[in-house]
Amino acid sequence: MEKLYDVIIIGGGPAGLTAALYAGRAKMKTLLFEGEAFGGQIALTTEVENYPGGALNITGPGLVARMAEQAEHFGVELKKENVTDVDFSSKDKKVTTSKGEYFAKSVIVATGANPRKLGVPGEDVLTGKGVSYCATCDGAFFEELPIYVIGGGDTAVEEAVFLAKFGRKVYIVHRRDELRAARSIQDKALNTPNIEVIWDSVVEEISGDGLVERLVLKNVKTGERTEILADEDDGTFGVFVLVGYIPANELLKDKIALDEQGYVPAGEDMKTNVPGVFVAGDLRAKKLRQVVTATSDGALAAIAAEAYVEHEY
Amino acid sequence: MLELNRENFETEVLKKEGYVLVDYWSPSCEPCKAMMPAIEELAGKYGDKVHFTSLDITKARRVAIGQRVLGLPTIILYKDGEKCEELGADVVSAAAVEEMIRRHTGA
């Protein structure tokens, strides 16, 4: 038998790292897989203004780096390996990664969520060719070019402000006639001179030969279509799709119960339908997906895993 | 890994004989930086078969766009200056890069 951990945590975002911190402090033998792309969604965002106690200028990557450091301080093992399979059918749970197999008495799944796609023609083939889901990754490509941000929530509007530092002009394309983003974020956007909102509009098609060259928008109220073409001098423009998330549940299908949207249902004890398997963070079915709710889930999941290992295992 | 720039991209990639791997990245791209140690490990392992390089796109944006790279992280394997295969942000990982190297070079 390989080394048996008390708990294996899958996911290196705020939920997983907080679970690791609590498990580590409880002296559980803890292993966390952060995957190759560490930090979860929050590591891709520029500013985190709504995490209490975080300084106003803290960045997403800065925050998760501190969380990781804190977890390691309490003896948690962090591994940069992508988990490829899980087996929860035995008492000892098996987690397989690109590098090997690991066993634990309990597992906390905190794989989070991935960006939602628009699902329009041209989107897939032009991803990385002008279509992007990560403003901090790809903003710099579009210096002095027009940028279209699709979406109207916190992430979309916040990242539009960030992208306005690069782009000549940033257009927020939103399907409603008002933004959903928090008031303070909206005000920042509306006070940025090179940001304009295109209301009541959705993307119908993206096209181009190897690069984004054309975007077709449809006004949902009038039905009118607008075709946007890249300037001849520019050659291209950016399309940042920031329309929410879908649960990262690929590992879990047929392994634990999911709800209709693909999230893992669990109450405040973070228990899934499989004894010894817990969920935390954006992957859990809940109303508010924020760093602050992710960390709360992580703490509760670690406490629940500790109780399971002590009393039920 | 050799750091590329506007001046040496042509000689080190487009005019280079054999296999060249270019890791396109930027300082604000967290997934790029997270993946980099694993790519350096591959450079140690396959360095005799493939010339490993990286390009910070903030220093050579037009070079990257010229290669049709507008998303990060992107890793491209070239042979004799021609693209053999490209791994974009949606599929790239150290494991996928290793698999690509083995498939093309027979390593």
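Residues numbered from 1 in each chain as written. Chains lettered and ligands numbered in written order. Predicted model: local features only at pLDDT ≥ 70, side-chain atom pairs only at ≥ 80, totals over all residues.

1. Some points on the overall build of chain A
Phase 1: Per the secondary structure count, chain A includes 6 helices and 17 strands.
Phase 2: With respect to the three principal axes, the spread of C-alpha positions in chain A is 65 × 40 × 35 Å.
Phase 3: The buried share of chain A, reckoned over its 313 residues, is 50%. (Helix = DSSP H or I, 4+ residues; strand = E, 2+ residues; numbered from the N terminus. Buried ≥ 20, exposed ≤ 12 C-beta atoms within 10 Å, placed from the backbone.)

2. Overview of the overall build of chain B
Phase 1: For chain B, the count of helices and strands is 4 helices and 5 strands.
Phase 2: Listing each helix as α and each strand as β along chain B from the N terminus yields β-α-β-α-β-α-β-β-α.
Phase 3: The globule rule puts the C-alpha radius of gyration for 107 residues at 13 Å, and the 12 Å found for chain B is close to it.
Phase 4: Seen through its principal axes, chain B has C-alpha atoms that stretch 35 × 30 × 20 Å.
Phase 5: For chain B, the residues scored as buried account for 38% of the 107 residues in total.
Phase 6: Residue pairs at least 24 apart in sequence account for 69% of intrachain contacts in chain B once pairs closer than 6 positions are excluded. (Rg over C-alpha atoms; globule rule 2.2 N^0.38 Å. Contact = placed C-beta atoms within 7 Å.)

3. Section: the environment of A:Phe237
Residues and elements named next belong to chain A.
Phase 1: Note that Phe237 resides in the loop between strand E14 (225-229) and strand E15 (238-241).
Phase 2: As a C-alpha pair, Phe237 and Phe141 span 96 residues in sequence and 9.3 Å in three-dimensional space.
Phase 3: Those residues within four positions of Phe237 in sequence are excluded, and the remaining contacts are Gly130, Leu145, Pro146, Ile147, Tyr148, Val212 and Ala230.

4. Points about the domain arrangement of chain A
Residue and element names in this part refer to chain A.
Phase 1: Domain parsing of chain A yields domain 1 (4-115 + 245-312) and domain 2 (131-241).
Phase 2: Between domain 1 and domain 2, the C-alpha centre-to-centre distance is 32 Å.
Phase 3: In this assembly, 5 residues from domain 1 lie in contact with 8 residues from domain 2.
Phase 4: Per-class residue counts for the side of domain 1 that touches domain 2 are 2 nonpolar, 2 polar and 1 charged. (Domains from an automatic or database assignment. Nonpolar A, V, L, I, M, F, W, Y, C, P; charged D, E, K, R; others polar.)

5. Section: the packing of helix H2 (residues 30-46) of chain B against helix H4 (residues 94-105) of chain B
Residues and elements named next belong to chain B.
Phase 1: Contact geometry of H2 with H4 gives a least axis separation of 9 Å together with a crossing angle of 25 degrees. One element, H2, and the other, H4, form an angle in the roughly parallel class. For the pair H2 and H4, the sense of crossing is right-handed. Between H2 and H4, the contacting residues are Met35, Ala38, Ile39, Leu42 and Tyr46 on the first element and Ala94, Val97, Glu98 and Ile101 on the second.
Phase 2: In the contact of H2 with H4, the residues fall into 8 nonpolar, no polar and 1 charged. (Axes fitted to C-alpha atoms, helices over the stretch in contact; angles between N-to-C directions. Parallel < 35°, antiparallel > 145°, perpendicular 65-115°, else oblique. Left-handed = near helix turned anticlockwise from the far one by under 90°.)

6. Thoughts on the interface of chain A and chain B
Quite often, the size of an interface is put as the accessible area lost when its parts meet.
Phase 1: At the interface, 22 residues of chain A touch 23 residues of chain B.
Phase 2: Looking at which element gives the most residues to the side of chain A that touches chain B, the answer is helix H3 (residues 135-138) of chain A, with 3 residues.
Phase 3: Per-class residue counts for the side of chain A that touches chain B are 9 nonpolar, 9 polar and 4 charged.

7. Some words on the sheet that holds strand E13 (residues 214-219) of chain A
Residue and element names in this part refer to chain A.
Phase 1: Reading across the sheet, the 3 strands line up as E12-E13-E14 and stay open at both edges, with antiparallel pairing between neighbours. Unpaired on one side and paired on the other, strand E12 (201-207) and E14 mark the two borders of the sheet. If you compare each strand with its neighbour and ignore which way they point, the axes differ by 20 degrees on average.
Phase 2: With 6 bridges connecting them, E12 and E13 associate as antiparallel partners. Paired with Ser207 across the two strands is Arg214, which belongs to E13. (Pairing = 2+ DSSP bridges.)

8. Some remarks on the sheet that holds strand E9 (residues 146-150) of chain A
Residues and elements named next belong to chain A.
Phase 1: Judged by pairing direction, the sheet is parallel, and its 5 strands sit side by side in the order E8-E15-E9-E10-E11 without closing on themselves. At either end of the open sheet lies a strand with only one pairing partner, and these are strand E8 (131-132) and strand E11 (195-198).
Phase 2: Both strand E10 (residues 169-173) and E11 contribute to a ladder of 4 bridges, which runs parallel. The partner of Tyr171 across the bridge, within E11, is Glu196.

9. Quick word on the nonpolar core
Residues and elements named next belong to chain A.
Phase 1: Counting residues in hydrophobic clusters, the biggest one holds 127 residues, and the most contacted among them are Ala19, Ile108, Val149, Ala160, Ile172 and Ala301.
Phase 2: When residues of this core are assigned to domains, at least three fall in each of domain 1 (4-115 + 245-312) and domain 2 (131-241).
Phase 3: Beyond its immediate sequence surroundings of up to four residues, Ala160 is in contact with Val149, Val170, Ile172, Ala189 and Ile195. (Core = buried A, V, L, I, M, F, W, Y, C linked by C-beta atoms within 7 Å.)

10. Digging into the pairing of strand E5 (residues 93-97) of chain A
Residue and element names in this part refer to chain A.
Phase 1: The sheet contact formed by strand E4 (residues 83-87) and E5 spans 4 bridges and is antiparallel. Bridging across to E5, Val83 finds its partner in Thr97.
Phase 2: In sequence, E4 turns back onto E5 through a hairpin of 5 residues.
Phase 3: Strand direction decides the pairing type here: E5 and strand E6 (residues 101-109), joined by 4 bridges, are antiparallel. Counted as the bridge partner of Lys93 is Ala104 from E6.
Phase 4: Following E5, the chain reverses through 3 residues before pairing antiparallel with E6.

11. Focus: the environment of A:Glu310
Phase 1: Inspection of the secondary structure assignment puts A:Glu310 in helix H6 (residues 291-312).
Phase 2: For A:Glu310, a count of 12 C-beta atoms within 10 Å gives the class exposed.

12. Section: the packing of helix H4 (residues 154-163) of chain A against helix H5 (residues 183-190) of chain A
All names here are of chain A.
Phase 1: At their nearest, the axes of H4 and H5 sit 9 Å apart, and the two run at 35 degrees to each other. Remark: the crossing between H4 and H5 carries left-handed chirality. The residues of H5 that touch H4, namely those facing Asp154, Val157, Glu158, Ala160 and Val161, are Ile185, Gln186, Lys188 and Ala189.
Phase 2: Split by residue class, the contact of H4 with H5 holds 5 nonpolar, 1 polar and 3 charged.

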